[in-house]
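Listed below, chain by chain, are the residues.
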Amino acid sequence: MRNGYYQEYQAQVEKNLRKIQLNFNIPVGASFKSLQESHQLELIRLIENNMLKKYVQGDLYADTGRLLYEFSKKDRKVTLTLSGFEFSLKFQTTIFKLTNYEMAKFL
């Protein structure tokens, strides 16, 4: 994942992305929409099974006061709210730095 910052630790989602990239010979920089549908579905399955179903959705949803996104486990759907989208755009650099800082403290 390229975001302008370097970190040695790879999150599970990064490992999943790398695994799919290597398994299906996906070129660096390819967008999700440019992938074959079967590759998209495999990536979604990996991320969903390894991360989202392990309480991430509900915990973050409650912690943010239900303002940033909505989700349905039944429909397997997460929808970013307008306020969540605007907040993410406005504070994306700060969010990234704080996440890295907290992860470094944890490790």
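Structural data are supplied above this passage.
1. With respect to the nonpolar core
Counting 6 residues, the largest nonpolar core is built from Ile 20, Ile 26, Leu 35, Leu 43, Leu 46 and Ile 47. Sort the elements by how many residues they give to this core and helix 2 (residues 37–63) lands first, with 3 residues. Not counting chain neighbours up to four residues away, the residues in contact with Leu 35 comprise Ile 26 and Gln 40.

2. A short note on the packing of aromatic side chains
Aromatic ring pairs are reported here in terms of the distance separating the ring centres and the angle at which the planes meet. Evaluated as defined, the whole model comprises 1 aromatic pair. Look at Phe 87 and Phe 91: their rings are 5.0 Å apart centre to centre, the planes differ by 45°, and that puts the pair in the tilted class.

3. Comments concerning a nonpolar patch on the surface
There is a patch of nonpolar side chains on the surface, built from Leu 80, Leu 82, Phe 85 and Leu 89 and spanning about 410 Å² of accessible area. Residue contributions to the nonpolar patch peak at 3 residues, all from helix 3 (residues 82–90). Summarising the element assignment, Leu 89 is placed in helix 3.

About the criteria used
- Residues numbered from 1 in each chain as written.
- Predicted model: local features only at pLDDT ≥ 70, side-chain atom pairs only at ≥ 80, totals over all residues.
- Heavy atoms only, no water.
- Core = buried A, V, L, I, M, F, W, Y, C linked by side-chain atoms within 4.5 Å.
- Buried < 20%, exposed > 50% of the residue type's maximum accessible area, 1.4 Å probe, protein only.
- Helix = DSSP H or I, 4+ residues; strand = E, 2+ residues; numbered from the N terminus.
- Contact = heavy atoms within 4.5 Å.
- Phe/Tyr/Trp six-rings, centres within 6.5 Å; stacked < 30°, edge-to-face > 60°.
- Patch = residues over 30% accessible without salt bridge, like charges linked within 9 Å, V, L, I, M, F, W, Y side chains within 5 Å.
- Areas by Shrake-Rupley, 256 points an atom, 1.4 Å probe, with all protein chains shown as cover.
- Salt bridge = Lys/Arg side-chain N within 4 Å of Asp/Glu carboxyl O.

The values reported here are purely geometric and, on their own, carry no functional implication.
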